[in-house]
Amino acid sequence: MKNRFEGRAALVTGGASGIGAATTRRFASEGAKVMIADRDEPLGLALAEELGSAVTFHKVDVSNLEEVGTLVEVAVRQYGRLDILFNNAGIGHFGDTTEIEPEIWEKVLAVDLNSVFFACRAAIPHFREMGGGVIVNTASISGVGGDYGFAAYCAAKAAVINYTKTLALDHARENIRVNAVSPGAIDTALSKFLITEPEILEDYQACIPMGRVGRAEEIAGVVAFLASDDASYITGQNLVVDGGLTSHTGQPNFTAHIRRLQNQSKTS
């Protein structure tokens, strides 16, 4: 798949670190030209330099409509085209409804949801001119179900999932495919403070059937698939990538308890 994206141009928001950086690397390794969009200029420039002339960086605040519009125009001018938009930028915040200040609520929704709308609104006219394009949005398993103390993030990511479906319906006849990827626990800077806490990590590993948190590269592979012609008949979908976590109903591990009882009966 070395040349799967040869001749194509991709725009990756939140592309300087974590899933965004891993996906930038994946796109570039498969022949795409990539523009990294991020607020972290030193990190973004360093990654662009590392990956060579096919990758460039543009500093942006994705919660700002005008800046996102300019970003898309810059990407089109830079590469002469835009084929793939990966809306990946996101932030989180802990707190229940009584604890979250309204400005924090607005900020989370602005970065996690509004930015997706802003970028799609700016990119879709270019896709129309080219006869098609692909959009992949980073959602989350926190948009599929609720999480304790994660009200704003869960609300934003649930909205991203349903917005993805609506986008897909509205633009399918224009050869514009739109899908979402919903990661579970992934080893990135965004979740580092959780998965490095021994008790939380132990809980995660107990809940995840595969027994481990995921890697950013594993999400990047899914994004690359959805952005490629291999997924040419897939649109309006939310692909969960969580090691099996959301396959669980939340009931106790009956197998473990049965085996424990069997072992007890053998030794008694």
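Residues numbered from 1 in each chain as written. Predicted model: local features only at pLDDT ≥ 70, side-chain atom pairs only at ≥ 80, totals over all residues. Heavy atoms only, no water.

## Digging into a negative patch on the surface
Together, Glu 197, Glu 199, Glu 202 and Asp 203 make up a region of like negative charge exposed at the surface. Along the polypeptide, Glu 199 turns up in helix H7 (residues 198–207). (Patch = residues over 30% accessible without salt bridge, like charges linked within 9 Å, V, L, I, M, F, W, Y side chains within 5 Å. Areas by Shrake-Rupley, 256 points an atom, 1.4 Å probe, with all protein chains shown as cover. Salt bridge = Lys/Arg side-chain N within 4 Å of Asp/Glu carboxyl O. Lys, Arg positive; Asp, Glu negative; His and termini not counted. Charge placed at Lys NZ, Arg CZ, Asp CG, Glu CD. Helix = DSSP H or I, 4+ residues; strand = E, 2+ residues; numbered from the N terminus.)

## A look at unusual backbone geometry
One non-glycine residue, Asn 175, lies in the positive phi region at around 65°. Relative to the assigned elements, Asn 175 resides in the loop between helix H5 (151–171) and strand S6 (176–183).

## Focus on the packing of helix H1 (residues 18–29) against helix H8 (residues 216–227)
To describe two helices that pack against each other, one gives the angle between their axes and the distance between the axes. Remark: H1 packs on H8, axes separated minimally by 8 Å, with the N-to-C direction vectors making an angle of 55°. Of the possible angle classes, the one that applies to H1 and H8 is oblique. Between H1 and H8 the crossing geometry is right-handed. In this structure, H1 contributes Gly 18, Ile 19, Ala 22, Thr 23, Arg 26 and Phe 27 to the contact, and H8 contributes Ala 216, Glu 217, Ile 219, Ala 220, Gly 221, Val 223, Ala 224 and Ala 227. Its residues placed into classes, the contact of H1 with H8 shows nine nonpolar, three polar and two charged. (Axes fitted to C-alpha atoms, helices over the stretch in contact; angles between N-to-C directions. Parallel < 35°, antiparallel > 145°, perpendicular 65-115°, else oblique. Left-handed = near helix turned anticlockwise from the far one by under 90°. Contact = heavy atoms within 4.5 Å. Nonpolar A, V, L, I, M, F, W, Y, C, P; charged D, E, K, R; others polar.)

## Some thoughts on the packing of aromatic side chains
In this structure the tally under the stated criterion is four aromatic pairs. Ring centres 4.6 Å apart and planes at 15° place the aromatic pair Phe 94 and Phe 150 in the stacked group. Remark: Phe 150 occurs in the loop between strand S5 (133–138) and H5 and Phe 94 occurs in the loop between strand S4 (84–87) and helix H4 (102–130); sequence separation between them is 56 residues. According to the relative accessible area criterion, Phe 94 is partly exposed, its value standing at 40%. For Phe 150, a relative accessible area of 14% puts it in the buried group. An aromatic cluster of three or more residues is present, and its members are Phe 94, Phe 150 and Tyr 153. (Phe/Tyr/Trp six-rings, centres within 6.5 Å; stacked < 30°, edge-to-face > 60°. Buried < 20%, exposed > 50% of the residue type's maximum accessible area, 1.4 Å probe, protein only.)

## Topic: the layout of surface pockets
Considered as a void within the structure, the second largest pocket measures approximately 230 Å³ in volume. Surrounding the second largest pocket, 15 residues form its lining, Arg 8, Gly 132, Gly 133, Val 134 and Asp 229 being those nearest its centre. Broken down by class, the residue content of the lining of the second largest pocket amounts to four nonpolar, six polar and five charged. (1 Å grid on protein atoms, 1.4 Å probe; cavity = no way out; pocket = protein on both sides within 12 Å on 5 of 7 lines; lining within 4 Å. Points joined across faces, edges and corners; volume = space filled by probe spheres on them.)

## Thoughts on the pattern of salt bridges
Tallied over the entire structure, the rule returns nine salt bridges. Among the salt bridges present, the one from Arg 4 reaches Glu 30, with a minimum N-O distance of 2.6 Å. Of this pair, Arg 4 sits in the segment before strand S1 (9–13) while Glu 30 sits in the loop between H1 and strand S2 (33–38); the two residues are 26 residues apart in sequence, bridging distant segments of the chain. As far as burial versus exposure is concerned, Arg 4 and Glu 30 are alike and both buried. One salt-bridge network, held together by shared partners, links Arg 4, Arg 26, Glu 30 and Asp 230.

## Observations concerning the pairing of S6
Of all eight residues in S6, eight are buried; the element is thus mostly enclosed. Sheet topology note: the S5/S6 ladder contains six bridges and is parallel. Pairing of Val 134 across the sheet is with Arg 177, part of S6. In this fold, the crossover linking S5 to S6 by way of H5 has right-handed handedness. Bridge analysis of S6 against strand S7 (residues 238–241) gives four bridges, and the strand direction is parallel. Residue pairing for S7: Ala 180 is matched across the bridge by Asn 238. (Pairing = 2+ DSSP bridges. Right-handed = clockwise from strand over helix to strand, strands pointing away.)

## Some points on the packing of H1 against helix H2 (residues 41–51)
Their axes nearest at 11 Å, the elements H1 and H2 cross at an angle of 20°. As judged from the angle between their axes, H1 and H2 are roughly parallel. In terms of crossing hand, the pair formed by H1 and H2 is right-handed. Together, Ala 21, Thr 24 and Arg 25 of H1 and Leu 47, Glu 50 and Leu 51 of H2 make up the contact between the two elements.

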